[in-house]
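Next come the chains, spelled out residue by residue.
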Amino acid sequence: WGLRAGAQHTFQLQALTTDEGKVKAQLARTNPFPSTGFRVGAPMPIVRPHPDLKLPGAFLYNRMPGWRSYMAGYYHIEVTLSERSPSAIASVHFAADDGTRAACEFYVRADGAAATTQIGCKVPLQKLPALSALALGGARVDRLAVEVRDANGEVVASGHVEREAISGEACEKWEVGKELMCLQQGSGGRELQKCVGRCEDCAQANGEAGFLIGETSECGSNPCSSDEVYCPGVVGCLAGAEAKEELCATHCGDGLAKYVASENLCALPCEVATAGLSTVVPPGSIVALTCPASEVQTNHGGEAAYLSCPEANTQRYYSTSSGAGSPWWEAARRNGTVPECRSCSADGDCSSNAVSVQPNAGQTA
């Protein structure tokens, strides 16, 4: 068991007599000691995402996003003291190693009550030093000191939080439905960083769309020259004697990639995996979700759900948590019935399992 930081504690001892493991008599206890109690450390602040953000998991406690574009530059938090303050909380400050400080901006309490244990506020991320992303993925963190003071300027609690650099993994934790990191070249050559649900939302300053970089969860600019064609993902830049259409069809996307001249890239098929179901959609196509030929659908009724793959798609794999604009979201928006599948061996009926593929007809994801 643990002792709460900042709390006063006393202890007592009591002697027992036993007979074959059973308590036979309880003798007198000692007086509590020390008589005045002792404090275990100093009170500490626990920083967590504000409940309104609806971010899951206690692993986000005493941790915060380190990119300035997060939530329009403000991280909304709830600060809870491990031990009640003798006076009202008046300020919460975050300090970096270089001495830069940022004051948390308090919410106005509707009841007007003075907070002595818990307060909600928002951290102005723009006032903290920039924490750049790593060039190729991975996690990077630094630590910020946290001080909670009362109206007299006395420190009533102190501790640290970890600040996490932007990455695909960090985006997935902090921005629901946005699982990719966008490295965006802004005006004046400045590199802007934000989380996106798909690379198409990572447009560059020159109007060029964003592309998936290697086998990472990062989007950036097209890295290929005009003599090459880009296959998003692990393949990268393709060059050869064949026409670019042939390069895409032969060497990219398992033969399902399509050359898009306006973007100088091989558009990838969209692949979405759900329980018992994996669907691959060619770029610029709409596909009805059906069970594989070796399985049968167990939940009938309602219209079929469809997936729509963008004409210039650069992301091969999508999850069911992908955000608005993703092929999965398109299917959900149509309110179709996503089939639940099981093996044909269950009842032997494997009829009516064909997949219908149609031209996109102007509908885009």
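Before reading on, note that the structure itself is shown above.
In this report, the structure presented in the accompanying data block is examined. Each chain carries its own residue numbering, running from 1 in the direction its sequence is written. In view of the model being predicted, local features appear only for residues whose pLDDT reaches at least 70, and side-chain atom pairs are presented and counted only at 80 or more, with totals across whole chains, interfaces and linings using the full set of residues. The side-chain figures draw on all heavy atoms in the structure; neither hydrogens nor water molecules are used.

**Some remarks on the pairing of strand S8 (residues 89-95)**
No. 1: Across the seven residues that make up S8, a large majority, five, are buried.
No. 2: Strand pairing follows a simple DSSP-based rule, namely that at least 2 bridges must link the two strands. Under the DSSP-based scheme used, a helix requires at least four consecutive residues in state H or I and a strand at least two consecutive residues in state E, with every element numbered from the N terminus. Two strands pair when backbone bridges link them, and S8 and strand S12 (residues 141-150) are joined in this way by six bridges, in the antiparallel orientation. Among the inter-strand pairings, Phe94 is bridged to a residue of S12, identified as Val146.
No. 3: Relative to strand S9 (residues 101-103), S8 runs antiparallel, the two sharing three bridges. Of the residues in S9, the one forming a bridge with His93 is Ala103.
No. 4: Counted between consecutive antiparallel strands, the loop separating S8 from S9 contains five residues, among which Gly99 sits at a positive phi close to 95°. To sort residues, take the accessible area from a 1.4 Å probe on protein chains only and compare it with the maximum for the residue type: under 20% means buried, over 50% means exposed, and anything in between is partly exposed.

**Regarding the sheet that holds S8**
No. 1: Spatial ordering of the open sheet is given by S6-S13-S12-S8-S9, a layout of five strands whose pairing is mixed. Strands with a single pairing partner mark the edges of an open sheet, and in this sheet they are strand S6 (63-65) and S9. If you compare each strand with its neighbour and ignore which way they point, the axes differ by 30° on average. Inter-axis angles, ranging from 0 to 180 degrees, are taken between N-to-C directions of lines fitted to C-alpha atoms, where helices are fitted over the stretch in contact.

**Digging into the packing of aromatic side chains**
No. 1: Note on aromatic contacts: the rings of Phe and Tyr and the six-membered ring of Trp form a pair at centre separations within 6.5 Å, being stacked when their planes are under 30 degrees apart, edge-to-face when over 60 apart, and tilted otherwise. One pass over the structure, following the stated rule, counts three aromatic pairs.
No. 2: Note on Trp67 and Tyr70: the rings are 5.9 Å apart at their centroids and 85° apart in plane angle, and the pair reads as edge-to-face. Per residue, the accessibility class of Trp67 equals that of Tyr70, and both read buried.
No. 3: Ring geometry for Tyr70 and Tyr75: centres 5.9 Å apart, planes at 70°, overall edge-to-face. Residues Tyr70 and Tyr75 agree in their burial class; the two are buried.
No. 4: Through a chain of ring-to-ring contacts, the aromatic side chains of Trp67, Tyr70, Tyr75 and Trp174 assemble into a single cluster.

**Points about the pairing of strand S24 (residues 285-288)**
No. 1: Here S24 shows no split at all, with Ser285 and Val287 on one side and Ile286 and Ala288 on the other all buried.
No. 2: Here S24 pairs with strand S26 (residues 306-308) via three bridges, running antiparallel. The residue of S26 that forms the bridge with Ala288 is Tyr306.

**Describing the state of the cysteines**
Working definition of a disulfide: a covalent bond connecting the sulfur atoms of two cysteines.
No. 1: What counts as a disulfide here is a pair of cysteine sulfur atoms lying within 2.5 Å. For the structure on display, the rule yields seven disulfides.
No. 2: Between Cys171 and Cys195 runs a disulfide, and the two sulfur atoms are separated by 2.0 Å. Taking the torsion about the S-S bond as the criterion, the Cys171 to Cys195 disulfide, at about -80°, is left-handed. Residue Cys171 is located in helix H1 (residues 168-174), and its partner Cys195 is located in strand S15 (residues 191-196); the two are separated by 24 residues in the primary sequence.

**Some points on the sheet that holds strand S5 (residues 45-49)**
No. 1: On the basis of which strands lie adjacent, the open sheet formed by four strands has the order S5-S7-S11-S10 and antiparallel pairing. Sheet topology places S5 and strand S10 (105-106) at the edges, where each strand pairs with a single neighbour.
No. 2: Summarising the sheet, S10 and strand S11 (residues 118-124) pair through two bridges and their orientation is antiparallel. For Phe106, the partnering residue across the bridge sits in S11 and is Cys121.

**Some words on the side chain of Thr80**
No. 1: Structurally, the position occupied by Thr80 is in strand S7 (residues 74-81).
No. 2: The term polar contact refers here to a pair of N or O atoms within 3.5 Å; inside protein, the definition further demands a hydrogen-donor-capable atom paired with an acceptor-capable atom, and it admits residues adjacent in sequence only when both atoms are side-chain atoms. A distance of 2.8 Å separates polar atoms of two side chains, one belonging to Thr80 and the other to Gln118.

**A few points about the pattern of salt bridges**
No. 1: In what follows, salt bridge is the name for a side-chain nitrogen of Lys or Arg lying within 4 Å of a carboxyl oxygen of Asp or Glu. Taken as a whole and assessed by the stated rule, the structure comprises ten salt bridges.
No. 2: Across the pair Glu164 and Lys173 runs a salt bridge, and its minimum N-O distance is 3.0 Å.
No. 3: Where Arg316 meets Glu271, a salt bridge forms, and the shortest distance between an N and an O atom there is 3.4 Å. In this pair, Arg316 sits in the loop between S26 and strand S27 (317-318) while Glu271 sits in strand S22 (residues 270-274), placing the two residues 45 residues apart along the sequence.
No. 4: Through salt bridges with shared partners, a single ionic network connects Arg63, Glu162, Glu164 and Lys173.

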